[in-house]
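Structural overview for review
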Amino acid sequence: MKMSRKKALKNIAGLSAMAITGLPAMAKSEHQPMALKGKINHSVTRWPFNNKSVEELCEWAVELGIQSVELIDPKDYATVRKYGLTCAMCNSVPLHHTDSFNNPKNHEQHKKEYFDLMPKVQDAGFQNIICFSGNRKGIDDETGLENCAVGLDPIVKEAEKRNLTICIEIFNSKVDHPDYQADSTEWAARLCEKIGSPNFKILYDIYHMQVQEGDIIATIKKYHPYIAHYHTAGVPGRNEIGTNQELYYPAIMQAIYDTGFKGFVAQEFIPKNEDQFTSLKEAIQICDI
């Protein structure tokens, strides 16, 4: 009797589960994930594929050899684990892009939210949790940096106890996130130095930083000790990566690999092509140096 594609993928997931999460393995399937070279740990972000269920995105990940489906909430942790996958970057709950740690009025509420989230992330066996600076709203960069350090201090100390990492994402403020404060790699690195913990690092978004400051490979080489995670997308447009846009991802991936990076690189492009699976497959192949 012919096995359905969905059932076959779940069987593949079961084989991966034993190695990644300790879950029991299922029977071996005739289908195998796409063979990857193993130099880059691949992930895919949830939100650009919101027209697909988390379960369907997990099936895609298994078929493509992707190890992680990320930027998900705790309600989806069990689904990811069922497929033998990890979540390389967990959402903060709720997300605070524009009003966050650079404003002291948010500190107590954020502390409650992160202290509630961290045990769930730890119990799931995941590592990284996202955070944001918030928009300036008249707060100068030095004051914003100091405010972020104060607000994050108790959260990072708790993350240290739980062996978790809090990661501040840097956005461009030119196009996508006007007025966002953490719009500079140098600013985020200074925040890392001020906090002074290996459990606080940068989520370096290649798309955002190409728009904001360029010089991607040199920046990665300079600041890689502060970086825990990478996101990708094409420039201009934030769509599929490839030869029709200005970033050459094979060279960028090689630069990341040459730093000794052991974390994850996540696809975060917004697919324009109707065949989203093929777009994701091509992006993984481009980045799998």
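Described below are features of the structure shown in this document. (Residues numbered from 1 in each chain as written. Predicted model: local features only at pLDDT ≥ 70, side-chain atom pairs only at ≥ 80, totals over all residues. Heavy atoms only, no water.)

1. Section: the sheet that holds strand β3 (residues 128-131)
Filter applied, for reference: Note on pairing: DSSP must find at least two bridges between two strands before they are called paired. Helix and strand definitions follow DSSP, with helices as H or I runs of at least four residues and strands as E runs of at least two, each counted in order from the N terminus. To get an axis, fit a line to the C-alpha atoms, keeping to the stretch in contact for a helix; angles then go from 0 to 180 degrees between the N-to-C directions. For this analysis, residues touch if any pair of their heavy atoms sits within 4.5 Å.
Taken together, seven strands build an open sheet; the order of strands is β2-β1-β7-β6-β5-β4-β3 and the sheet is parallel. The sheet terminates laterally at β2 (68-70) and β3, the two strands that pair on one side only. Going across the sheet, the axis of each strand differs from the next one's by a mean of 30°, ignoring polarity. Two elements, strand β1 (residues 41-45) and strand β7 (residues 264-267), share four bridges in a ladder whose sense is parallel. The partner of Val 44 across the bridge, within β7, is Gln 267. Most of the contacts of helix α4 (residues 107-124) go to β3, to which it runs at about 155°, and overall it touches β3 and β4 (165-169). Set on the sheet, helix α5 (residues 141-162) makes contact with β3, β4 and β5 (200-205); between it and β4 the angle comes to about 140°.

2. Regarding the pattern of salt bridges
The test is simple: Note on definitions: salt bridges are taken to be side-chain nitrogens of Lys or Arg within 4 Å of carboxyl oxygens of Asp or Glu. Relative accessibility under 20% of the residue-type maximum defines a buried residue, over 50% an exposed one, and the middle range a partly exposed one, all with a 1.4 Å probe and only protein chains included.
Overall, the coordinates contain 14 salt bridges when judged by the stated rule. Of the charged contacts, one joins Arg 136 and Asp 141 as a salt bridge, the two residues approaching to 2.8 Å between their closest N and O atoms. Take Arg 136: its relative accessible area is 17%, and that puts it in the buried class. Asp 141 sits in the partly exposed class, given a relative accessible area of 29%. Several salt bridges converge on common partners, so that one network encompasses Asp 99, Lys 105 and Lys 137.

By themselves, these figures tell us nothing about what the structure is for.
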